[in-house]
Amino acid sequence: MNPTVGVVVPAYRPDADRLADYAERVVRHVEPEAVRIELDDPLPGTVATLKRAPATVNAVSSRRGKGRAITDGFDALETDVYAFADADGSTPAASLSEVVAPVLEGSLALSVGSRRHPDAVVECHQTRVRRRLGDLFAWSARRLLPVALSDYQCGAKAITAEAWGNVRGRLREPGFGWDVDLVAAADAAGYRVGEVPVRWRDDPRSTVAPVGTPLELARTLLRVALRRRREGIDGVADPRGDDAGVDRRAAGDRRRSDHE
């Protein structure tokens, strides 16, 4: 039997028509068993408009934060693989399918979409300031975390249900920094984490604040790095065995060198 996929789309006051169209494309390209839109503090009419979307809509009256919304969505799924994509559709559904593929194939436990991968295609760039801040964040994360990636925050990731069950209790960040928390937790648990280049288009209507969000991410990165240091790499149970943990750390050192 082929493994099943569930997709969660966290959304805070989205363009409802655009989101409904995106959900339709996700169904067409990813062919998931379930799609959940986790909707925070919706504007009047949003829920009614999303009734045409091929998705279950879970609307709450408050703003949970991106990470909490995805967590609630993943916890409600009963599939073999969990994936999420940002509601603005910056990662096209076809690219989301490519992010999911290595998890379905079993080559990765956590697949991370990447806008900064050499093979990524960026059709519409962020402002220069946001690009520089993003580059700085990625550079800092590669030096503070054992897992070295070119992009930690791209809004497209996929994870096996097994890995999610083992790392979910380690996650502490409810907001935009949830992505880096997830990557660090999966790596700490010994799961194979890898990047997949995506086709990406920046949405100028994004709810990401140009100043507040980078500051939040910086604080999150420090908290995650300190938690990882307190845990100690050797103190974290590796589901693949002690030897696999040693190999993973050596690979992480090589990946950091590749990015420097």
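These numbers were taken from a predicted model, which means no experiment stands behind them.

Conventions we followed
Residues numbered from 1 in each chain as written. Predicted model: local features only at pLDDT ≥ 70, side-chain atom pairs only at ≥ 80, totals over all residues. Heavy atoms only, no water. Helix = DSSP H or I, 4+ residues; strand = E, 2+ residues; numbered from the N terminus. Buried < 20%, exposed > 50% of the residue type's maximum accessible area, 1.4 Å probe, protein only. Pairing = 2+ DSSP bridges. Axes fitted to C-alpha atoms, helices over the stretch in contact; angles between N-to-C directions. Parallel < 35°, antiparallel > 145°, perpendicular 65-115°, else oblique. Left-handed = near helix turned anticlockwise from the far one by under 90°. Contact = heavy atoms within 4.5 Å. Nonpolar A, V, L, I, M, F, W, Y, C, P; charged D, E, K, R; others polar. Core = buried A, V, L, I, M, F, W, Y, C linked by side-chain atoms within 4.5 Å. Expected span 1.5 Å × (residues − 1). Arc of directions from axis to C-beta. Polar contact = N/O pair within 3.5 Å; in protein donor to acceptor, adjacent residues only side chain to side chain. Salt bridge = Lys/Arg side-chain N within 4 Å of Asp/Glu carboxyl O.

### Overview of the overall build of the protein chain
When helices and strands are tallied, the protein chain shows nine helices and nine strands. Taken across its 260 residues, the protein chain has 50% of its residues classed as buried.

### Re the pairing of strand β5 (residues 110-114)
A large share of β5 lies buried, amounting to five of its five residues. The alternating pattern of β5 places L110, V112 and S114 and S111 and G113 on opposite faces, both of which are buried. By the bridge criterion, five bridges tie β5 to strand β8 (residues 193-197) in an arrangement that is parallel. When the bridges of β8 are listed, G113 appears paired with V196.

### Examining the packing of helix α1 (residues 16-30) against helix α4 (residues 93-105)
Contact pair α1 / α4: the axes reach a minimum separation of 8 Å and the direction vectors enclose 45 degrees. Here α4 runs oblique to α1, going by the angle between their axes. The hand of the α1/α4 crossing is right-handed. For the pair α1 and α4, contact is made by Y22, R25, V26, H29 and V30 and by A93, A94, L96, S97 and V100, respectively. A breakdown of the residues in the contact of α1 with α4 according to their chemical character gives seven nonpolar, two polar and one charged.

### Here we look at the nonpolar core
F74, L145, I159, W164 and V167 are the most contacted members of the largest nonpolar core, which has 35 residues in total. Per-element accounting of this core gives the leading share, seven residues, to helix α7 (residues 178-188). Core analysis: the next-biggest nonpolar cluster, separate from the first, contains 31 residues, A11, V26, V196 and V198 among them.

### Considering the sheet that holds strand β2 (residues 34-40)
Ordered in space as β3-β2-β1-β4-β7-β5-β8, the seven strands form an open sheet in which the pairing is mixed. Lying at the two open borders of the sheet, with one neighbouring strand each, are β3 (56-60) and β8. Each strand axis lies, on average, 20 degrees off the axis of its neighbour in the sheet, ignoring direction. Bridge count between strand β1 (residues 5-12) and strand β4 (residues 81-85): four bridges; the pairing is parallel. Bridge pairing links V5 to V81 in β4. The sheet contacts of helix α3 (residues 66-76) involve β1, β2, β4 and β7 (156-160), and relative to β1 the element is tilted by about 150 degrees.

### Brief notes about α4
The end-to-end C-alpha distance of α4 is 18 Å, a good match for the 18 Å that 13 residues give at a rise of 1.5 Å each. Where α4 terminates, the next one or two residues include G106, which has phi positive at roughly 90 degrees.

### Considering α1
Here α1 is 15 residues long and its end C-alpha atoms lie 21 Å apart, about the 21 Å a rise of 1.5 Å per residue gives. Every buried residue of α1 is accounted for by A16, L19, A20, Y22, A23, V26 and V30. Considered in projection along α1, the buried side chains sweep an arc of 160 degrees and stay on one side of the axis. One side-chain oxygen of the residue at the start of α1 lies 3.3 Å from the amide nitrogen of D17, identifying that residue as D15. Just downstream of α1, E31 is the residue with a positive phi angle, here 55 degrees.

### Quick notes on the pattern of salt bridges
Under the defined criterion, the tally for this structure stands at 21 salt bridges. Between D17 and R52 there is a salt bridge; the shortest N-O distance is 3.6 Å. In this pair, D17 sits in helix α1 while R52 sits in the loop between α2 (46-49) and β3, placing the two residues 35 residues apart along the sequence. Taking the relative accessible area as the measure of exposure, D17 reaches 44% and is therefore partly exposed. Across the pair R64 and D72 runs a salt bridge whose closest N-O atoms are separated by 3.1 Å. Relative accessible area serves as the criterion here: at 14%, R64 is assigned to the buried category.

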